[in-house]
Amino acid sequence: MSKPNPADLDFSDAVWEKSPFSDGGNDCVEFAAIGSFIAVRDSKNPEQAPLVYTRGEIRAMILGAKAGVFDHLA
């Protein structure tokens, strides 16, 4: 599946979500479903174009995080 250029997508109706573990601050990333893709943006720079991933890419990242693969980065 080819990913679209984020500049070509309409994010005006996106419902952005961030982790409750972000301590209420803006040092977090936010996620939104955009059709069959997942957009990711920096919560402190919401005006910047988000990155766009396939659901498979996001699923692999989430499973890796749950398995502790990225614990050394925290």
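Our subject is the structure that appears above.
About the cut-offs
- Residues numbered from 1 in each chain as written.
- Predicted model: local features only at pLDDT ≥ 70, side-chain atom pairs only at ≥ 80, totals over all residues.
- Heavy atoms only, no water.
- Helix = DSSP H or I, 4+ residues; strand = E, 2+ residues; numbered from the N terminus.
- Buried < 20%, exposed > 50% of the residue type's maximum accessible area, 1.4 Å probe, protein only.
- Contact = heavy atoms within 4.5 Å.
- Areas by Shrake-Rupley, 256 points an atom, 1.4 Å probe, with all protein chains shown as cover.
- Core = buried A, V, L, I, M, F, W, Y, C linked by side-chain atoms within 4.5 Å.
- Pairing = 2+ DSSP bridges.
- Expected span 1.5 Å × (residues − 1).
- Axes fitted to C-alpha atoms, helices over the stretch in contact; angles between N-to-C directions.
- Polar contact = N/O pair within 3.5 Å; in protein donor to acceptor, adjacent residues only side chain to side chain.

Asks: I keep staring at the overall build of the protein chain and nothing clicks. Help me out?
Replies: When helices and strands are counted, the protein chain shows one helix and four strands. Going from N to C terminus, the protein chain has its helices and strands arranged as β-β-β-β-α. By the burial criterion, 26% of the 74 residues in the protein chain qualify as buried. Nonlocal contacts in the protein chain, meaning residues at least 24 apart in sequence, comprise 29% of its contacts between residues at least 6 apart. For the protein chain, the accessible area works out to roughly 5,400 Å², and carbon and sulfur atoms hold 56% of it.

Asks: Hey, could you run me through the nonpolar core in this one?
Replies: Inside soluble globular proteins, nonpolar side chains tend to come together where they are buried. Residues Phe11, Ala14, Trp16, Ala32, Ile34, Phe37, Ala39 and Val52 constitute the largest nonpolar core, which totals eight residues. Counting only elements with at least two residues in this core, the list comes to strand 2 (29-34) and strand 3 (37-42).

Asks: I would appreciate a short explanation of the pairing of strand 4 (residues 51-54) in the present structure.
Replies: Look at any regular strand and the pattern is simple: side chains alternate between the two faces of the sheet. The side-chain alternation of strand 4 yields one buried face, formed by Val52 and Thr54, and one unburied face, formed by Leu51 and Tyr53. Here strand 3 pairs with strand 4 via four bridges, running antiparallel. Each residue of the ladder has a partner; that of Ala39, found in strand 4, is Val52.

Asks: Please clarify how helix 1 (residues 55-66) should be interpreted in this entry.
Replies: Helical geometry note: an α-helix holds 3.6 residues per turn, so side chains three or four residues apart project in the same direction. When the terminal C-alpha atoms of helix 1 are compared, their 16 Å separation across twelve residues agrees well with the 16 Å that a helix rising 1.5 Å per residue should span. Looking at the residues trailing helix 1, positive phi occurs at Gly68, about 85°.

Asks: Explain the sheet that holds strand 1 (residues 17-18) here, please?
Replies: In a beta sheet, neighbouring strands pair by backbone hydrogen bonds and run either parallel or antiparallel. Reading across the sheet, the four strands line up as 1-2-3-4 and stay open at both edges, with antiparallel pairing between neighbours. Strands at the two margins of the open sheet, each flanked by one partner only, are strand 1 and strand 4. As paired strands, strand 1 and strand 2 are joined by two bridges and run antiparallel to one another. Paired with Lys18 across the bridge in strand 2 is Glu30. Across the sheet, helix 1 touches strand 2, strand 3 and strand 4, and the angle it forms with strand 4 is around 90°.

Asks: When you look at the side chain of Arg41 in this model, what are you seeing that I'm missing?
Replies: Along the polypeptide, Arg41 turns up in strand 3. Looking at Arg41, its side chain comes within polar contact range of the side chain of Glu30, at 2.6 Å. In contact with Arg41, not counting residues within four places along its chain, are Trp16, Cys28, Val29, Glu30, Pro46 and Pro50.

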